[in-house]
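What follows is the residue order along each chain.
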Amino acid sequence: MSRRRSVLILHGWGGNKPEHWQELAASALVGAGMTVHYPRMPEPAAPSLGSWLTRLREEAQVIGDDPTLTVLCHSLGAITWMHYAASVSGRVADRVLLVAPPYVMPAIPPIDAPAGVASFFPPPMDAAAIARAAAHTMVVASDNDDYATFEQARTYAQRLQIPAHLLAGAGHISPYWGYGEWPWVVEWCLGRAGLPPRPRPVGAAP
């Protein structure tokens with residue numbers, strides 16, 4: 001019997017509320033028959049890079065060797081993946097989506113950033129590690145995100161030698177900005193939609 005396709009979801013600082021697109025995607029993907037790994041990171045309101053990486057490594061042990069793995073990261077979860085990719089020596093996933101990676105100067109973090117966020121920055125800009133860890137890695141970012149300009153997100157992509165895709169007017173790509181229901185990301189995880197990303201449904205409440 002063939003193994004079910006699987007997805008690993010990495011949330012950002014603070015974790016996710018029930019209406020977040022990652023929460024809704026997790027439910028939809030389970031319903032579609034995928035195996036979903038959605039680790040809740042320790043102290044999400046006061047994140048620590050060391051403890052988050054430990055939790056991710058624990059989940060990787062549970063996943064095991066899975067060449068079909070899709071990784072779906074948001075915000076600080078995307079930065080966590082950059083660190084994790086730099087720490088592994090072989091292929092971990094097939095596809096990785098880094099959604100709205102924040103760009104933080106450790107000495108001057110955003111005023112609403114929780115304690116510990118500075119420990120994640122700067123992330124390793126290791127293009128070889130990113131290419132080794134997954135066959136395909138992409139950045140999806142907005143042009144009006146409070147935590148990173150699109151130029152900053154594109155700088156990540158350029159340094160990591162991966163594509164960057166603009167989702168115009170999507171803010172931090174979070175429920176406050178209508179994401180929320182995001183059917184495209186579910187279809188992408190299922191292999192039924194490609195890039196560039198499609199925005200939230202027209203008429204969805206921001």
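Rules and cut-offs
Residues numbered from 1 in each chain as written. Predicted model: local features only at pLDDT ≥ 70, side-chain atom pairs only at ≥ 80, totals over all residues. Heavy atoms only, no water. Salt bridge = Lys/Arg side-chain N within 4 Å of Asp/Glu carboxyl O. Helix = DSSP H or I, 4+ residues; strand = E, 2+ residues; numbered from the N terminus. Buried < 20%, exposed > 50% of the residue type's maximum accessible area, 1.4 Å probe, protein only. Pairing = 2+ DSSP bridges. Axes fitted to C-alpha atoms, helices over the stretch in contact; angles between N-to-C directions. Contact = heavy atoms within 4.5 Å. Parallel < 35°, antiparallel > 145°, perpendicular 65-115°, else oblique. Nonpolar A, V, L, I, M, F, W, Y, C, P; charged D, E, K, R; others polar.

A.B. asks: Can you walk me through the pattern of salt bridges in this structure?
C.D. replies: Pairing is possible between side chains of opposite charge, provided their charged atoms come close. Evaluation of the coordinates by the stated rule reveals 5 salt bridges. The partner of R55 in a salt bridge is E58, and the shortest N-O contact between them spans 3.8 Å. Of this pair, R55 and E58 both sit in helix α2 (residues 49-63), separated by 3 residues, roughly a single helical turn. Judged by its relative accessible area of 22%, R55 falls in the partly exposed class. Here E187 makes a salt bridge to R192, at a shortest N to O gap of 2.9 Å. In this structure R192 comes out as exposed when scored by relative accessible area, which is 57%.

A.B. asks: What should I look at first to understand the sheet that holds strand β3 (residues 70-74) in this one?
C.D. replies: Paired through backbone hydrogen bonds, the strands of a sheet run either parallel or antiparallel to each other. With parallel pairing, the 6 strands of this open sheet are ordered in space as β2-β1-β3-β4-β5-β6. The sheet is open, and its two edges are formed by β2 (35-37) and β6 (164-166), each paired on a single side. Between one strand and the next, the sheet's axes are offset by a mean angle of 20°, whatever the strand orientation. Relative to strand β5 (residues 134-141), strand β4 (residues 93-99) is paired through 6 bridges, and the arrangement is parallel. When the bridges of β5 are listed, L97 appears paired with M138. Helix α3 (residues 76-87) rests against β1 (6-10), β3 and β4 of the sheet, and its axis sits at about 125° to β3. Here helix α5 (residues 150-160) sits on the sheet and contacts β5 and β6; the angle it forms with β6, its principal contact strand, is near 160°.

A.B. asks: Would you explain the environment of P123 in this entry?
C.D. replies: Along the chain, the position of P123 falls in the loop between β4 and α4 (127-133). Of the residues examined, P123 reaches a relative accessible area of 8% and is grouped as buried. A C-alpha to C-alpha distance of 9.8 Å links P123 and A78, two positions 45 residues apart in sequence. Discounting chain neighbours no more than four positions away, the residues touching P123 are I79, M82, H83 and Y156.

A.B. asks: Sorry, what's going on with unusual backbone geometry here?
C.D. replies: Glycine aside, a negative phi is what most residues show, and trans is what most peptide bonds show. Omega for the bond connecting Y179 with G180 falls within 30 degrees of zero, at 20°, which places this linkage in the cis form. Residue placement: G180 occurs in the loop between β6 and α6 (183-189). The omega torsion of the bond from L195 to P196 falls at 10°, within 30 degrees of zero and hence cis. Within the chain, E43 stands out as a residue other than glycine whose phi angle is a positive 45°. Along the chain, the position of E43 falls in the loop between β2 and α2. Judged by relative accessible area, which is 57%, E43 ranks as exposed. Notably, I173 is not glycine yet its phi reads approximately 50°, a positive angle. Turning to its location among the elements, I173 is positioned in the loop between β6 and α6. Under the relative-accessibility criterion, I173 is labelled buried at 0%.

A.B. asks: Would you mind going over the packing of α2 against α3 with me for this structure?
C.D. replies: At their nearest, the axes of α2 and α3 sit 10 Å apart, and the two run at 70° to each other. Viewed along their axes, α2 and α3 adopt a mutual orientation that is roughly perpendicular. Packed against α2, whose contacting residues are L49, W52, L53, L56, R57 and A60, the element α3 presents L76, T80, H83, Y84 and S87 at the interface. Looking at the contact of α2 with α3, its residues break down into 7 nonpolar, 3 polar and 1 charged.

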